[in-house]
Amino acid sequence: MQIYRARVFDTPTDPFAGGGLRSGSDVAIVVDSGRIVARADFATARERHPYAEVVDLRAGVLLPGFVDTHVHFPQVRAIGHLGRPLLDWLDECALPEEAKLRDETYAAGVATDFLTGLTSAGTTSAMVFGSHFATAVDILFAAAAEVGLRMTTGLVTSDRNLPEVLLTDVDRSVAESQRLIDDWHGRGRLRFAVTPRFSFSAGPELLAAGGALVADNPGIWVTSHLNENRDEIAGVAEIHPEALDYLDTYDRAGLLGERTILAHNVHPRDRELARMAEAGAAAAHCPTSNSALASGFFPLGRHLDAGVRVALGSDVGAGNGFCLLKEGVQAYFMQQLDPAGGVPLTSTHLLHLATASGAAALDLDAEVGDLSVGKRFDAVYVDPVAGQPLAVGLDYAESDEDALAKIFALGTPADLTRVWIDGEPVKG
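The model shown is predicted, which means the values in this text are computed figures rather than measured ones.

Quick notes on the rules
- Residues numbered from 1 in each chain as written.
- Predicted model: local features only at pLDDT ≥ 70, side-chain atom pairs only at ≥ 80, totals over all residues.
- Heavy atoms only, no water.
- Helix = DSSP H or I, 4+ residues; strand = E, 2+ residues; numbered from the N terminus.
- Rg over C-alpha atoms; globule rule 2.2 N^0.38 Å.
- Buried < 20%, exposed > 50% of the residue type's maximum accessible area, 1.4 Å probe, protein only.
- Contact = heavy atoms within 4.5 Å.
- Areas by Shrake-Rupley, 256 points an atom, 1.4 Å probe, with all protein chains shown as cover.
- Salt bridge = Lys/Arg side-chain N within 4 Å of Asp/Glu carboxyl O.
- Axes fitted to C-alpha atoms, helices over the stretch in contact; angles between N-to-C directions.
- Parallel < 35°, antiparallel > 145°, perpendicular 65-115°, else oblique.
- Left-handed = near helix turned anticlockwise from the far one by under 90°.
- Nonpolar A, V, L, I, M, F, W, Y, C, P; charged D, E, K, R; others polar.
- Domains from an automatic or database assignment.
- Buried area = accessible area lost by both parts, 1.4 Å probe.
- Polar contact = N/O pair within 3.5 Å; in protein donor to acceptor, adjacent residues only side chain to side chain.
- Pairing = 2+ DSSP bridges.
- Phe/Tyr/Trp six-rings, centres within 6.5 Å; stacked < 30°, edge-to-face > 60°.

**Some remarks on the overall build of the protein chain**
Regarding its fold elements, the protein chain presents 16 helices and 16 strands. For 428 residues, the compact-globule estimate of 2.2 N^0.38 gives 22 Å, and the protein chain sits close to it at 21 Å. The buried share of the protein chain, taken over its 428 residues, is 59%. Taking as baseline every contact in the protein chain between residues at least 6 positions apart, the subset at least 24 positions apart corresponds to 76%. Accessible surface for the protein chain amounts to roughly 15700 Å². Of this, 50% is attributable to carbon and sulfur atoms.

Laid out in structure tokens, this is it:
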């Protein structure tokens, strides 16, 4: 048993629905076998648990573990290719790298780089876009199990508009996916997601095969892309002339529901937003990727008004790194600049998007997302080096909300010195 004594920030109540930041300068969080069993002032916690190990973290700030709802496993070595729109970036940067994962030794190295990137950035739960190669997905699952990450991922499927080596067909995709489900779904903290790359590279039959997997395997997940780029949207309309719109390509295939997370949705129609809300699907907002690829401004207000759940995604490798702190501050910038009128975001909103919103989107909110009694201890410790800008900012912050704003504005993975998943240290 441990007592973590710390300055703590979290958002157990939704700031988009009137909630606020829960903060305390000297909070005792009592953890037993990875579960938070008490939260109190230190004197009370010590009196009730006199033999517990005390971990004094008052020099920094303790946050819930971050939850990334859209990040690409094969693209960690493709981060930083700038100056291209989506389809050109895929052809010239991402897809050649993804093809390399047919080599199992290469895939194992990428898996190590990827999981190090996630945990070093404070990410403790993630919806991960997997690989086109089942062997690489096995490697990722095995590596994530060793680290302890709460991960949902799957076999990426396409049958057109990509290099031949990345294509599959209905029978092969179903056989490989079902084998991965049988081997990995529900094993520890791992879950499987049906993952058509996007409807620009997956025809109606392949999408329907994914829907059949969902029907045959209750509890598995779905993730893909939606309305990221106008050229992509036009291409989807040509491939799927029977669909009402982009979202309908997934819906008519049986891929839309409460366990569906769709990335981007920069250019949605009103009908699509209403249907997402009705189905309970969530949107993964990836602001640095949307900026890097000039995809457009994410209409956060329209999503919220329609009742669509929204969380953050890093979208490595179009996104410029794993850390959700920079995704949060970029979301703030984009809403400030949106010519259509953005949502005024505070640091409390950003923390919620990076933690509790993602946990809810992944149906993990009973377990993680904030540091309440009964939750698992997934946490990030922010402890910048003395004299560095973030340390100075925290020293002179005028309020807890202001201190949290400094963390989002100035924080980097180097400032996240300790990370825990289920009470076990994965960094520091």
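So, next bit.
**Examining unusual backbone geometry**
With an omega of 10°, the peptide bond between V316 and G317 qualifies as cis. Within the secondary structure layout, G317 lies in the loop between β13 (309–312) and α12 (324–337). Backbone geometry places A294, a non-glycine residue, at a positive phi of 55°. Position of A294 relative to the elements: it lies in the loop between α10 (287–292) and α11 (300–306).

**Examining the pattern of salt bridges**
Tallying each qualifying case throughout the model produces 26 salt bridges. For D378, the salt bridge identified is with R150, shortest N-O distance 2.7 Å. Here R150 lies in strand β7 (residues 150–153) and D378 lies in the loop between α14 (356–361) and β14 (379–382), a separation of 228 residues in the sequence. Neither D378 nor R150 differs from the other in exposure class; each is buried. In this structure, the salt-bridge partner of D159 is R160, at a minimum N-O distance of 3.0 Å. In this structure D159 comes out as partly exposed when scored by relative accessible area, which is 24%. Three or more residues joined by partner-sharing salt bridges are found here, namely D10, R22, R39, D370 and K375.

**As for the packing of helix α4 (residues 134–147) against helix α5 (residues 170–184)**
Look at α4 against α5: their axes get within 11 Å of each other, and the N-to-C directions meet at 15°. The angle between α4 and α5 places the two elements in the roughly parallel class. Like other packed secondary-structure pairs, α4 and α5 cross with a definite hand, here right-handed. In this structure, α4 uses A134, V137, D138, F141 and A142 to contact α5, whose residues at the interface are E176, R179, L180 and W184. Of the residues that constitute the contact of α4 with α5, the class distribution is six nonpolar, no polar and three charged.

**Re the domain arrangement of the protein chain**
Each assigned domain of the protein chain is listed with its residue range as follows: domain 1 (2–65 + 370–427) and domain 2 (66–337). The gap between the C-alpha centroids of domain 1 and domain 2 is 30 Å. Counting from both sides, the interface comprises 20 residues of domain 1 and, opposite them, 20 residues of domain 2. On the domain 1 side of the interface with domain 2, the three residues burying the most area are G65, F408 and I421, jointly 35% of the side's total.

**What to know about the side chain of H132**
Structurally, H132 can be placed in the loop between β6 (123–129) and α4. For H132, the side chain forms a polar contact with the main-chain oxygen of V156, separated by 3.3 Å. A polar contact of 3.1 Å, which involves the side chain of H132, links it to the backbone oxygen of L166. Ignoring sequence-local partners within four residues, the contact set of H132 consists of E98, L155, V156, T157, S158, L162, L166 and R197.

**With respect to the pairing of strand β15 (residues 416–421)**
Bridging between β14 and β15 involves four bridges; their strand directions are antiparallel. Of the residues in β15, the one forming a bridge with V382 is L416. Pairing between β15 and strand β16 (residues 424–427): three bridges, direction antiparallel. Residue pairing across strands places V419 opposite K427, the latter belonging to β16. Hairpin connection of β15 to β16: two residues between the antiparallel strands, including D422 at a positive phi of 55°.

**Points about the packing of aromatic side chains**
Counted under the stated rule, the structure contains nine aromatic pairs. Relative to W420, the ring of Y4 lies with its centre 5.4 Å away and its plane at 70°, an arrangement referred to as edge-to-face. Within this pair, whereas Y4 is found in strand β1 (residues 2–10), its partner W420 is found in strand β15, the two being separated by 416 residues in sequence. This pair shows no difference in class: Y4 is buried, exactly as W420 is. Seen from their ring centres, F141 and W184 are 5.3 Å apart, and the 15° between their planes marks the pair as stacked. A residue pair is termed long-range when its members are at least 10 positions apart, and F141 in helix α4 and W184 in helix α5 qualify at 43 residues. Accessibility expressed as a relative area gives 0% for F141, which makes it buried.

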